[in-house]
Amino acid sequence: MRFKCTMGLQNTLIVMALLLSVSTVPFSGAASLKSHAFFNETGELPCHFPNTQNLSLDELVIFWQDQNKLVLYELFKGQEKPNNVHPKYIGRTSFDQDSWTLRLHNVQIKDTGSYQCFIHHRRSQGLVSIHQMSSDLIVLANFSQPEISLIANQTEKSNIINLTCSSTQGYPEPQSMYVKLNTKNSTSNYDAVMKKSQNNITELYNVSISMSFPIPPETNVTIFCVLQLEPTKILSSPPYNIEIIKVEGKESKQTEKRVELQEPESSDKVQCDVNISTTASDNKSATDF
């Protein structure tokens, strides 16, 4: 009984010594393979072992470690060794023997980084390194579709529209946020300082802008809020459509969602009422150009 305990300890010591030794061994010149995963989903850490000798798992020692040399997973002669796994990775990994890939479940932003897999052949003279590979995991989180919220005008009659635009729970930090105003004959972009906040635990970002701008005296005005994720990738809000209706005579009070636009005085005293409506959009994904 004592002999079995000693052998188990010896195996553990061998693997731990192996972990310390490979941490100083430089990788071959192969470039790291980059893989992407989404927040709270599953990322893949490939090993791409060719296994030209058709070795069985009983003959191998396989493990993955992160950039801080913390062990994610270990397979010793076909048996998993959870005691050698760092607590932050326990219960979060699964090994695909067919593709020699380790799957990391419930990925978080802090899991972004470099990972290495090592495969050793157990021979009579000891463990011999036969394969190693490095990969970079990039964790992303999709921002929510930007939303436009109108702020009530302080004066009853104004051609100025005040709004806020917001998007939440995304990563990495976006480049900018702006408002795009489309008319029949032109398109104008209005920039503003983007406010951002980052959750201390999830590391996800919430962003918003607030701004005011004049409504042009044209029909079919449409407002979009645009989140610039990358130089060629944007995420846009559903359109806010502004319809200008000319009403003769007294002021009109048709709806609560209205901005009144007072035109310059004329002989017939024409007044413009501006109705603002939203149009639902099914496209909630980022747009690439």
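We now turn to the structure provided with this report. (Residues numbered from 1 in each chain as written. Predicted model: local features only at pLDDT ≥ 70, side-chain atom pairs only at ≥ 80, totals over all residues. Heavy atoms only, no water.)

### Side note on the overall build of the protein chain
Here's step 1: A tally of regular secondary structure across the protein chain gives one helix and 21 strands.
Here's step 2: Across the 289 residues that make up the protein chain, the buried fraction comes to 40%.
Here's step 3: Excluding contacts between residues fewer than 6 apart, the proportion of contacts in the protein chain whose partners are at least 24 apart in sequence is 62%.
Here's step 4: Put simply, the protein chain shows about 16900 Å² of open surface, and 50% of that area lies on carbon and sulfur atoms. (Helix = DSSP H or I, 4+ residues; strand = E, 2+ residues; numbered from the N terminus. Buried < 20%, exposed > 50% of the residue type's maximum accessible area, 1.4 Å probe, protein only. Contact = heavy atoms within 4.5 Å. Areas by Shrake-Rupley, 256 points an atom, 1.4 Å probe, with all protein chains shown as cover.)

### Re the pairing of strand 16 (residues 221–230)
Sheet faces and side chains relate simply in a regular strand, where the side chains alternate between the two faces.
Here's step 1: Buried residues dominate strand 16, accounting for eight of its ten residues.
Here's step 2: Relative to strand 16, strand 12 (residues 176–182) runs antiparallel, the two being bridged by seven bridges. In the sheet register, N182 faces strand 16, and the bridge partner there is T222.
Here's step 3: Pairing geometry for strand 16 and strand 17 (residues 233–236), over four bridges, is antiparallel. (Pairing = 2+ DSSP bridges.)

### Notes on the pairing of strand 8 (residues 113–123)
Here's step 1: Most of strand 8 sits out of view: eight of its eleven residues are buried.
Here's step 2: Inspection of the sheet shows strand 3 (residues 60–66) paired to strand 8 by seven bridges, in the antiparallel sense. Opposite L60, over in strand 8, you have H121 as the bridge partner.
Here's step 3: Count of turn residues in the strand 8/strand 9 (residues 126–140) antiparallel hairpin: two residues.

### Quick notes on unusual backbone geometry
Here's step 1: Each neighbour pair has its own omega, and for Y171 with P172 the value is 5°, a cis peptide bond.
Here's step 2: Here P172 is to be found in the loop between strand 11 (160–170) and strand 12.
Here's step 3: Phi at H48 takes a positive value of approximately 50°, unusual for a residue other than glycine.
Here's step 4: By the secondary structure assignment, H48 is in the loop between strand 2 (43–46) and strand 3.
Here's step 5: Overall, the relative accessible area of 48% leaves H48 in the partly exposed class.
Here's step 6: Here N54, not a glycine, exhibits a phi torsion of approximately 55°, which is positive.
Here's step 7: Here N54 is to be found in the loop between strand 2 and strand 3.
Here's step 8: Looking at N54, the relative accessible area reads 65%, which means it is exposed.

### Remarks on the sheet that holds strand 6 (residues 93–96)
Here's step 1: Judged by pairing direction, the sheet is antiparallel, and its three strands sit side by side in the order 2-7-6 without closing on themselves. Two strands bound the open sheet, and with one partner strand each, they are strand 2 and strand 6. Averaged over all adjacent pairs, the angle separating strand axes in this sheet is 25°, with direction ignored. (Axes fitted to C-alpha atoms, helices over the stretch in contact; angles between N-to-C directions.)

### Description of the sheet that holds strand 3
Here's step 1: Within the open sheet, the six strands sit side by side as 1-9-8-3-4-5. Their pairing is mixed. This sheet does not close on itself; its edge strands, each paired only once, are strand 1 (33–38) and strand 5 (79–80).
Here's step 2: Relative to strand 5, strand 4 (residues 71–76) is paired through two bridges, and the arrangement is antiparallel. When the sheet's bridge partners are listed, F76 is paired in strand 5 with Q79.

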